[in-house]
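Notes for the structure review
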Protein chains: 2
Amino acid sequence: MGNRTERLLAIRNIISSQKVSNQEELLELLEKKGLNYTQATLSRDLKFLKVNKISDRGRGYIYELPDQHHLPGQELAETYAAQGFVSIQFANKLGVIKTLPGYAPSIASLIDKANPFEIVGTLAGDDTILIIPHDNVSEKDVINTLIMILPELKDKI
Amino acid sequence: MGNRTERLLAIRNIISSQKVSNQEELLELLEKKGLNYTQATLSRDLKFLKVNKISDRGRGYIYELPDQHHLPGQELAETYAAQGFVSIQFANKLGVIKTLPGYAPSIASLIDKANPFEIVGTLAGDDTILIIPHDNVSEKDVINTLIMILPELKDKI
DNA sequence: TCCCATGGTGTATAGTTATTCATTTGTTAT
DNA sequence: ATAACAAATGAATAACTATACACCATGGGA
């Protein structure tokens with residue numbers, strides 16, 4: 001997969017685990033991970049990820065991911081669901097995900113819950129999920145979106 | 001009361017009722033209310049109010065007040081509680097609020113719930129509340145804080 | 001009362017982030 | 001495969017926000 005996805009994931013990780021108060025700082029942290037980009041790109045990434053800049057209890061501002069639902073079970077559900085993922089293919093603008101038997105509903109449910117703009121809806125059988133993308137959303141967009149929802153898919157797609 | 005409080009209240013009102021995406025814009029809205037200040041002051045006010053700048057669903061950024069608990073009953077509780085407020089005095093760094101009989105607990109409870117930095121704690125009887133401010137917090141700070149919590153007090157203090 | 005300390009403000013400017021433009025890179029349809 | 005189109009990126013810069021400094025006002029203590 002392209003490097004942009006890697007970068008977006010790294011940004012999510014960094015922001016969720018430590019206080020970052022400006023883009024220069026974040027840029028340096030990304031460099032340490034071998035990701036070299038410019039502030040312009042970072043600004044666009046943060047906008048894409050809908051990252052907020054919130055008050056650090058009156059002492060300045062820091063970045064924060066949106067919807068820190070942070071249900072403790074969430075990561076587990078992701079890991080479980082990702083295990084069942086087998087492949088994704090596209091046909092006639094539609095995505096078809098194959099899963100291990102029985103996994104389709106849980107993966108589809110995670111996608112539905114994330115409710116990304118890029119995906120109009122999903123239809124899950126037992127081992128197959130139909131992904132209906134929005135108009136003008138590319139296959140790559142769909143894949144990026146799926147990776148954003150289920151980071152564990154990164155190496156399986 | 002000084003004009004700063006008026007400004008802070010106006011900022012809260014504006015931000016909670018409409019989308020504002022930068023300080024210039026907010027400055028103009030304040031001007032329409034007869035409040036003329038500079039961007040520098042506004043920047044400080046926003047920091048003081050712990051206002052966040054959050055993603056407007058990927059379309060840019062807008063200001064948002066912290067803790068939008070937005071319990072529908074909140075405003076009612078404030079109005080009710082403020083009615084019972086009679087006066088505030090200071091002695092030995094402590095604030096003493098007099099209320100109508102029976103009102104003290106509800107007012108104190110609102111203060112406690114807001115949990116402002118400036119106030120270490122409160123002690124409520126039936127018609128009296130003791131306010132224990134933090135060290136190095138002035139009377140004026142305490143009053144400003146109370147007004148931030150209960151805007152209706154503005155004209156009663 | 002008179003100081004001194006503290007806080008609020010504006011001006012100017014430093015610091016930070018978003019966007020424009022040019023270019024490259026990737027994607028889709030023929 | 002290739003043309004046409006769309007997306008990604010960096011450099012430069014515009015747009016936006018925070019702060020250093022100077023100044024004034026206020027208010028508590030000698």
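Please refer to the structure placed before this passage.
**Some points on the overall build of chain A**
A tally of regular secondary structure across chain A gives 6 helices and 6 strands. Ordered by position from the N terminus, the helices and strands of chain A form the series α-α-α-β-β-α-β-β-α-β-β-α. Across the 157 residues of chain A, 20% fall into the buried class. Restricting to contacts in chain A with at least 6 residues of sequence separation, those with at least 24 account for 49%.

**Quick notes on the packing of helix H2 (residues 23–32) of chain A against helix H3 (residues 39–48) of chain A**
All names here are of chain A. Their axes nearest at 10 Å, the elements H2 and H3 cross at an angle of 100 degrees. Relative to H3, the element H2 is oriented roughly perpendicular. Mapping the contact onto sequence places Gln 23, Glu 24, Leu 26 and Leu 27 in H2 and Gln 39, Leu 42 and Ser 43 in H3. Classifying every residue of the contact of H2 with H3 by side-chain character gives 3 nonpolar, 3 polar and 1 charged.

**Some details on the protein's contact with DNA strand D**
Close to DNA strand D lie 17 residues; A:Thr41, B:Asn22, B:Gln23, B:Ala40 and B:Ser43 are nearest. Within the surface near DNA strand D, the residues separate by chemical class into 5 nonpolar, 8 polar and 4 charged.

**Let's talk about the sheet that holds strand S3 (residues 85–91) of chain A**
All names here are of chain A. Read from one edge of the open sheet, 4 strands run S3-S4-S6-S5, paired in antiparallel fashion. This sheet does not close on itself; its edge strands, each paired only once, are S3 and strand S5 (119–124). The sheet shows a mean angle of 20 degrees between the axes of neighbouring strands, direction not considered. Here S3 runs beside strand S4 (residues 94–99); their pairing, made up of 6 bridges, is antiparallel. In the strand pairing of S4, Gln 89 is matched with Val 96.

**What about the protein's contact with DNA strand C?**
Near DNA strand C, the surroundings consist of 20 residues, among which A:Asn22, A:Gln23, A:Ala40, B:Ala40 and B:Thr41 are the closest. Of all the secondary structure elements, the ones that give two or more residues to the surface near DNA strand C are H2, H3 and helix H6 (139–149) of chain A together with helix H1 (3–17) and helix H3 (39–48) of chain B. Of the residues assigned to the surface near DNA strand C, the class counts are 5 nonpolar, 9 polar and 6 charged.

**A word on the relation of the copies chain B and chain A**
Both copies of the chain are related through a single rotation about an axis accompanied by a shift along the same axis. Once chain B has been moved 0.1 Å along the axis and rotated by 180 degrees, it coincides with chain A to within an RMSD of 0.2 Å. Here the copies are linked by what is in effect a two-fold axis. No C-alpha of chain B lies nearer the rotation axis than that of B:Lys53, which sits 2.7 Å from it. A share of 100% of interface residues in chain B that are also interface residues in chain A marks the association as one of identical surfaces.

**Side note on the pairing of strand S1 (residues 52–55) of chain A**
All names here are of chain A. In this sheet, strand S2 (residues 61–64) lies alongside S1 in antiparallel orientation, the contact comprising 4 bridges. When the sheet's bridge partners are listed, Ile 54 is paired in S2 with Ile 62. Hairpin remark: S1 followed by S2, antiparallel, with 5 residues in the connecting loop; positive phi at Arg 57, about 50 degrees.

**Details of unusual backbone geometry**
Phi angles above zero are rare outside glycine, and A:Lys50 is one such case at about 60 degrees. Looking at where A:Lys50 falls in the secondary structure, it is placed in the loop between H3 and S1.

**Digging into the interface of chain B and chain A**
Across the contact, 9 residues belong to chain B and 9 residues belong to chain A. Among the elements that take part in the side of chain B that touches chain A, strand S1 (residues 52–55) of chain B stands out by supplying 4 residues, more than any other. Looking at side-chain class alone, the side of chain B that touches chain A contains 3 nonpolar, 3 polar and 3 charged residues.

**Section: the sheet that holds strand S5 (residues 119–124) of chain B**
Residues and elements named next belong to chain B. One open sheet accounts for 4 strands, arranged S3-S4-S6-S5; its pairing is antiparallel. Strands at the two margins of the open sheet, each flanked by one partner only, are strand S3 (85–91) and S5. If you compare each strand with its neighbour and ignore which way they point, the axes differ by 20 degrees on average. Sheet topology note: the strand S4 (residues 94–99)/strand S6 (residues 128–133) ladder contains 4 bridges and is antiparallel.

**What to know about the environment of A:Lys33**
Mapped onto the secondary structure, A:Lys33 falls in the loop between H2 and H3. For the pair A:Lys33 and A:Arg7, spaced 26 residues apart in sequence, the C-alpha to C-alpha distance is 9.5 Å.

**Looking at the environment of B:His134**
Residues and elements named next belong to chain B. Within the secondary structure layout, His 134 lies in the loop between S6 and helix H6 (139–149). Since 14 C-beta atoms lie within 10 Å of it, His 134 is described here as partly exposed. Taking C-alpha positions, His 134 is 9.2 Å from Lys 93, a pair spaced 41 residues apart along the chain.

**Points about the environment of A:Ala10**
Residue and element names in this part refer to chain A. For Ala 10, the location among the structural elements is in helix H1 (residues 3–17). Among the residues examined, Ala 10 registers 18 C-beta atoms within 10 Å and is labelled partly exposed. Between the C-alpha atom of Ala 10 and that of Lys 33, which follows or precedes it by 23 residues, the distance is 8.3 Å. Once residues lying within four places of it in the same chain are set aside, the contact partners of Ala 10 are Leu 30, Lys 33 and Leu 35.

Criteria and thresholds
- Residues numbered from 1 in each chain as written.
- Chains lettered and ligands numbered in written order.
- Predicted model: local features only at pLDDT ≥ 70, side-chain atom pairs only at ≥ 80, totals over all residues.
- Helix = DSSP H or I, 4+ residues; strand = E, 2+ residues; numbered from the N terminus.
- Buried ≥ 20, exposed ≤ 12 C-beta atoms within 10 Å, placed from the backbone.
- Contact = placed C-beta atoms within 7 Å.
- Axes fitted to C-alpha atoms, helices over the stretch in contact; angles between N-to-C directions.
- Parallel < 35°, antiparallel > 145°, perpendicular 65-115°, else oblique.
- Nonpolar A, V, L, I, M, F, W, Y, C, P; charged D, E, K, R; others polar.
- Near = placed C-beta within 6 Å.
- Pairing = 2+ DSSP bridges.
- Least-squares fit on C-alpha atoms with pLDDT ≥ 70 in both.

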